[in-house]
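Descriptive structure summary
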Amino acid sequence: MTSSEETTLVKKTLPRQVMSLAKKAAGSGDFLVSLATDIKRDGSFAGSDYLLVNAREALFIYNGAKPRLERVAVAKVKEASIETGLSSARLVLRGKRGGFIKRPLIFSNNLLKQFGEAAKVIQLLAEKEKDIKIGEEEQVRCPKCNRLLPERGGVCAACVSRIGVFRRLTGYLKPYRGSVALLMIMFVVESLTQSAGPLLMKILFDSVFVPKELAGTMRSVSACFERISGGEPWPMLVVIVLAMLGAHLLYFIARGAHSWISAGMGANLIADIRRDVFSHVARLPMSYFNQRQIGSITSRVTSDSQTLHEFLVEGLPYLAINALKLTLTIALLLYLNWKLTLLILIPAPILLIGGGVFWKMMRHLFHKWWQKWAKFSGDLHESFYAVKLVKAFNREGKESEKLDKDNMSLTRQTIFTDRRWITYALFIEFLMTSGIFIMLFYGGGQILKGNMSLGTLIAFQGYLFILYEPLRWFNQINQWMTRAFTGAERVFEVIDAKDEAGQEKKTLRLPRMKGDVRFEKVHFGYEAGKEVLRNITLNIKPGEMVGLVGKTGVGKSTIINLICRFYRANRGHIFIDGVDINELNLTDLRSQIGMVLQEPILFDGTIAENIAYGCDNASFEDVVFVARKAHMHEDIMKKPEAYDYLVGEHGKRLSTGEKQRVSIARALLHNPRLLILDEPTSSLDAETELKVQKGLRNLVKGRTTIAIAHRLTTLRYANRLIILKDGRVTEMGTHKELMRKHKGTYRHLVKIQEDMSKQMGVAL
Amino acid sequence: MAKKPKQIRLVREPDGTLTMLHPNGKRVKDVRVAILNPIDKGNKWYELQDHCGKSLHIFPDLTELNAASRRLLEQDVRERYVIPKIKKIYSLNQESHVSYWDVETDRGRRDFVMKDKLDNILENGKGGYTLKDVMGNYFMIEKVERLDGRSKRLFDKVI
Ligand SMILES: Nc1ncnc2c1ncn2[C@@H]1O[C@H](COP(=O)(O)OP(=O)(O)OP(=O)(O)O)[C@@H](O)[C@H]1O
Ligand SMILES: [Mg+2]
């Protein structure tokens, strides 16, 4: 065990009773593994069984009225493995004779990783391995609220640390300090000028329209206007209206400036965030992509960063400006008439609470609506995407029936949601406007009693709307912030994920690779508990051409993935030119490997661009040269646009064999030291294949080549063949050597293929 | 009864593995059971496999086995195919795109998290649903109608 942090994955705190039982049996408390299952051996969820492992033995503790302990000496274990079922898996220890040593422990998928590591530990101990390393812990539950996480090692949607995220979010505003300051000023101007309106209205009424002796508060402000206009009603009317006009104008100017600034800042800001995300995503290891849906990663670049943008550019300003307005308005109203203010605030709590409840309901409705919509558009997409299949099987009628069902269901939901929404809007509107009646009744009474001026009442009416408007939406803020913060966390999670090159401290440069590839006892699985490669040991010498042969799904492409370091071995080592691949500089490694992947991957662009991908300094001549070597040139020339032919998305306007040859040409252009050909010619006819092979033969000279093919004739030029079976290397040698092995897999395969071609010959 | 000697039989070895006894006298040690259509609500198809996963025998109906063998097989199925039936929903919360469930099932209480509902909820047409949580665990609601009122309300709110 290298560090204490690494061991937490397989060491969980177990109940005291269990621990003491285990300690007593083992004689000490030093366990490498201590885990509890989450499904009992009888298949129920009520309680756990336990597994503890020390250097000598594995202890199984079965839960029951009285816990029962059973021990297994690790030396007796031949194989410790995980067998997966459906939403469950079991840890199986097999002895030398094949049977179980103990009844398997059962657990859910949640613990797959931990028990996978535990099985590895037991296996290594059984093999007397000293150097036991355990994979990294991935959180399954939120450490704070103990809820299950939506993604292994992901973010808890329920408790994102708001302050931390907020700080980091506002960090994006830093480069725009000037704009932010200006924006703030605009907010203040906006709030002040808007609040000035009703106030001026009051003065207009109190000082101009009605006799002075009835005028109420704010004498000093009125006096100011009187002084300017000489106290005469007409000039005063002009001055006050001009002042109102000025405030109004200023208000719109501030609003304009605010939108202007935030539009520019917002666009730049979202570009910053997106750049941060996608530039990082491209550097993430393949295992990251394997565990996640592409859609979920894309959505972080698109919708999540959009959410952040909305929050920063619309949400935050909205909050700021409305908080300012609310405080200002309430302060003014309290000053004008505190009793009336409290009275007209009566509907406010109802607005807040009722709005909150209703909003929650609407959220579900909107969500449901959205789901229906997504289903409809998903089915629509699918039926168009698979249009060829639909036509071929005469399913047009059935498909439109299905779509019509979706469509009607969506329509019903739309009507329901819209009607609810209108009801809500009307209800809120009614509540808001009903404040007016309180105001008219109480305020009117005050005027009649002579306690309040008419102007004050007018001002109140004006402020009422400034007041209720933000209140109406305040109940959404919480929900809004939650969304923004989860979005932010999701974005930050990607940005914070370790990239490939950052996974090691130092890297060794390897400017010119000789092409010596060595595997030493390599084990690998894409998922915990499912080993694909087992104990692979190989040695490929510089300049050698090696063929990998084996049944489909045996792990041939997986070996390639490991050599390119798309994934890392779980156990064992891979050396290139004698250097551990994990210590190599990744750019050096990959720039000298030329790859023809099993599924040719093409970008939407011209043929020339696709061949030259990754080779910026290639001349057009080079492109044509490699295309000829790949026997693609003639086919390219059949297109009128020739090398400028657009291949369409994923190269859909090329045939599969054409795509393969484009990727062969691409790999050749790289002039790699190590050439990897994963089924490079599987979709070619025999004649073209032969031609391509001849072209390749010259190029293969002098570089290490690893080729995979099911058609064994494809590998006729290989120096050596490596046969894989059940994830292991079972045979290795030249064609001749392997043919000499009587019961060999290779000989068997060759025979079958020969027989097949003979039969074909007869049939023809 | 003597007319049914053609049955395949299963026996449990002392080491815990299952052995298949074929009517033709063949014995295969260390076999396991797989279901061909574990999620589908229709009749189940079973397969017996050897320990490498090679298919030995496929049968659509458990009545092909005698009672003892059937019990052994069902025991294995219960271990390897865990699709708990939800009986009651204690709580169900939606936080942005994620829903948190706390439920009582026929196997006991469980909590789980779901995401991307569209892809992970399978409607089986008769008012029942199959759910897949973020870790790939399955859950089943046989009939929403049969849940208690509160559970039903919670379910309707989110789904
Ligand atoms: N990204 C992945 N995630 C999980 N499992 C995978 C992944 N890629 C491959 N596998 C599994 O690993 C095993 C080996 O796959 P691999 O692609 O190496 O086979 P192969 O020998 O290249 O087969 P083929 O001849 O069909 O190309 C298979 O069982 C496959 O299902
Ligand atoms: Mg492959």
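Model, not experiment: these values are computed from the prediction.

1. Topic: the interface of chain A and chain B
Taken together, the 46 residues of chain A in the interface contact 45 residues of chain B. Our count for the contact surface shared by chain A and chain B stands at five salt bridges. In this structure, R90(A) and E79(B) form a salt bridge, with 3.2 Å as the shortest nitrogen-oxygen distance. Connecting chain A to chain B are 17 residue pairs in polar contact (both at pLDDT 80 or more). When residues of the side of chain A that touches chain B are traced back to their parent elements, those giving at least two are strand 5 (79-84), strand 6 (89-94), helix 11 (347-385) and helix 15 (477-496) of chain A. Residue composition of the side of chain A that touches chain B, grouped by class: 14 nonpolar, 17 polar and 15 charged.

2. What about the coordination of the magnesium ion (ligand 2)?
Within the protein, the magnesium ion (ligand 2) binds to S557(A) (OG) and Q598(A) (OE1); these donor distances fall in the range 1.9 to 2.2 Å. Placement of S557(A) in helix 16 (residues 556-563) and of Q598(A) in the loop between strand 13 (593-596) and helix 18 (607-611) is noted, with a sequence separation of 41 residues between them.

3. A look at the packing of helix 21 (residues 656-669) of chain A against helix 22 (residues 686-700) of chain A
Residue and element names in this part refer to chain A. In contact at an axis separation of 12 Å, helix 21 and helix 22 are set at 5° when each is read in the N-to-C sense. By the angle between their axes, helix 21 is roughly parallel relative to helix 22. Where helix 21 abuts helix 22, its residues R661, I664 and L668 lie against T688, V692, L696 and L699. Residues that form the contact of helix 21 with helix 22 fall into these classes: five nonpolar, one polar and one charged.

4. Some points on the domain arrangement of chain B
Parsing chain B into structural domains produces domain 1 (9-80) and domain 2 (86-158). If you average the C-alpha positions of domain 1 of chain B and of domain 2 of chain B, the two centres end up 30 Å apart.

5. Considering the domain arrangement of chain A
All names here are of chain A. Each domain of chain A was delimited in the assignment, giving domain 1 (16-126), domain 2 (162-496) and domain 3 (515-592 + 708-759). Counting residues at the interface gives eight residues for domain 1, matched by five residues for domain 3. The tally of links from domain 1 across to domain 3 stands at zero salt bridges. Listing elements by their share of the side of domain 1 that touches domain 3, those giving two or more residues are strand 5 and helix 3 (112-126).

6. Some details on empty space enclosed by the protein
Residue and element names in this part refer to chain A. What the rule picks out here adds up to five cavities of 30 Å³ or more. Each pocket or cavity is described by its volume, and for the largest cavity that value is around 120 Å³. In this structure, the largest cavity is lined by M545, L677, P680, T681, Q693, L696, R697, V700, A707, T714, L715 and Y717. The element contributing the most residues to the lining of the largest cavity is helix 22, with four residues. The class makeup of the residues in the lining of the largest cavity is eight nonpolar, three polar and one charged.

Basis of the calculations
- What you see as residue numbers is a count from 1 along each chain, following the sequence as written.
- Starting at A for chains and at 1 for ligands, labels are handed out in the order in which the entities are written.
- In keeping with the model being predicted, local features are shown solely for residues with a pLDDT of at least 70 and side-chain atom pairs are shown and tallied solely at 80 or more, while totals for entire chains, interfaces and linings include all residues.
- By convention in this description, side-chain values take in all heavy atoms of the structure and omit both hydrogens and water.
- In what follows, a contact means two residues having at least one pair of non-hydrogen atoms within 4.5 Å.
- Salt bridge, as used here, is a side-chain nitrogen of Lys or Arg placed within 4 Å of a carboxyl oxygen of Asp or Glu.
- Whenever a nitrogen or oxygen atom comes within 3.5 Å of another N or O atom, the pair is scored as a polar contact, on the condition that within protein one atom can donate a hydrogen and the other can accept it, and that pairs from neighbouring residues in sequence are kept only if both atoms are in side chains.
- The secondary structure listing takes helices from DSSP runs of H or I that are at least 4 residues long and strands from runs of E that are at least 2 residues long, numbered from the N terminus.
- Under the convention adopted here, Pro, Cys and the residues Ala, Val, Leu, Ile, Met, Phe, Trp and Tyr are nonpolar, Asp, Glu, Lys and Arg are charged, and Gly plus all remaining residues are polar.
- Excluding water, the donors of a metal are its N, O and S neighbours within 2.8 Å, or within 3.2 Å for Na, K and Ca, and that exclusion means sites may look incomplete.
- Angles here are taken between N-to-C directions and fall from 0 to 180 degrees, while the axes themselves are lines fitted to C-alpha atoms, restricted in helices to the stretch in contact.
- For classification, angles of less than 35 degrees are called roughly parallel, those exceeding 145 degrees roughly antiparallel, those between 65 and 115 degrees roughly perpendicular, and all remaining angles oblique.
- As used throughout, domain bounds are those supplied by an automatic or database domain assignment.
- A cavity here means a set of 1 Å grid points, computed over protein atoms only, where a 1.4 Å probe fits but cannot escape. A pocket is an open set with protein on both sides within 12 Å along at least 5 of 7 lines, and lining residues have an atom within 4 Å of a point.
- Grid points are joined across faces, edges and corners, and a volume is the space filled by probe spheres set on the points.

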